[in-house]
Amino acid sequence: MHIYGTRNRKTSFDVTDFLRSNERMASLLPTALRMADLQRDVGVALPSIAGNCDVLSFQDGLLILAVPSSAVAARLKQNLPKLQSTLLARGWHITTLRLKVQVTRAMPPQVQTRVLELPPTAVDAFEELGDSLPDTPQNAALVAAIKRLAAKRR
């Protein structure tokens, strides 16, 4: 069973399997599914903002959404009437909506280094070019650089 609204299908299957396997944890499954349904409905109501907010809790008509920054909170506040009316139309009895800014630690950007490789035909062409250039003082540095390049790529 997939918990809709989760970002990773495999993880949601693992979670539901875990909840089912443990007798004490199985009582959490209906609540988890209800929260996932509510998260999905928030996504339907506000598709452009839904990726930036998560349902924290829903009790007694109070819906608390987590947002990553005050800028997203300001943008979401403008859409709260639309969100509330859409959720009411979908059967969620929501009387109050609150936003909670939860700044998460920013992950450092992962630098991906690319390894550039020359095909063997290109390396052969550079070797031929280095051998075919005339030995003049003007070409000496160029010939040496081309031969180093070909030797390094071998």
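Draft legend 1. Main features of the sheet that holds strand E3 (residues 96-101). Sheet architecture is open: three strands sit in the order E1-E2-E3, paired in mixed fashion. Where the open sheet ends on each side, the last strands, each with one partner, are strand E1 (54-59) and E3. Averaged over all adjacent pairs, the angle separating strand axes in this sheet is 20 degrees, with direction ignored. With five bridges joining them, E1 and strand E2 (residues 62-67) adopt antiparallel strand pairing. Looking at the pairing, Val 55 lines up with Leu 65 of E2. In the packing of helix H3 (residues 70-78) onto the sheet, the strands contacted are E2 and E3, and the crossing angle to E3 comes to about 165 degrees.

Draft legend 2. Structural detail: helix H2 (residues 29-45). Under the 1.5 Å per step criterion, the end-to-end length of H2 is 24 Å for 17 residues, consistent within 8% with the ideal 24 Å. Buried within H2 we find Leu 29, Met 35, Ala 36, Leu 38, Gln 39, Asp 41, Val 42 and Ala 45.

Draft legend 3. The arrangement of the side chain of Asp 41 in detail. Following the sequence through the fold, Asp 41 ends up in helix H2. With sequence-adjacent residues up to four places away left out, Asp 41 is seen in contact with Leu 87, Arg 90 and Trp 92.

Draft legend 4. The arrangement of the nonpolar core in detail. If you look at the biggest cluster of nonpolar residues, it comprises 21 residues, and the most contacted ones within it are Leu 63, Leu 76, Leu 83 and Leu 87. Here this core gets four residues from one element, more than from any other, and that element is H2.

Draft legend 5. How the structure looks around the pairing of E2. The buried fraction of E2 is high, at five of six residues. The loop that links E1 with its antiparallel partner E2 comprises two residues; one of these, Asp 60, has a positive phi angle of about 50 degrees. As paired elements, E2 and E3 share six bridges and run parallel to each other. Bridging from a neighbouring strand, Ala 66 pairs with Lys 100 of E3.

Draft legend 6. Highlighting the environment of Leu 149. In this fold, Leu 149 is placed in helix H6 (residues 140-153). Looking at Leu 149, the relative accessible area reads 29%, which means it is partly exposed. For Leu 149 and Glu 127, which are 22 residues apart along the polypeptide, the C-alpha to C-alpha distance reads 8.7 Å.

Thresholds, definitions, all that
- Residues numbered from 1 in each chain as written.
- Predicted model: local features only at pLDDT ≥ 70, side-chain atom pairs only at ≥ 80, totals over all residues.
- Heavy atoms only, no water.
- Pairing = 2+ DSSP bridges.
- Helix = DSSP H or I, 4+ residues; strand = E, 2+ residues; numbered from the N terminus.
- Axes fitted to C-alpha atoms, helices over the stretch in contact; angles between N-to-C directions.
- Contact = heavy atoms within 4.5 Å.
- Expected span 1.5 Å × (residues − 1).
- Buried < 20%, exposed > 50% of the residue type's maximum accessible area, 1.4 Å probe, protein only.
- Core = buried A, V, L, I, M, F, W, Y, C linked by side-chain atoms within 4.5 Å.

Function cannot be inferred from these measures alone, as they are strictly geometric.
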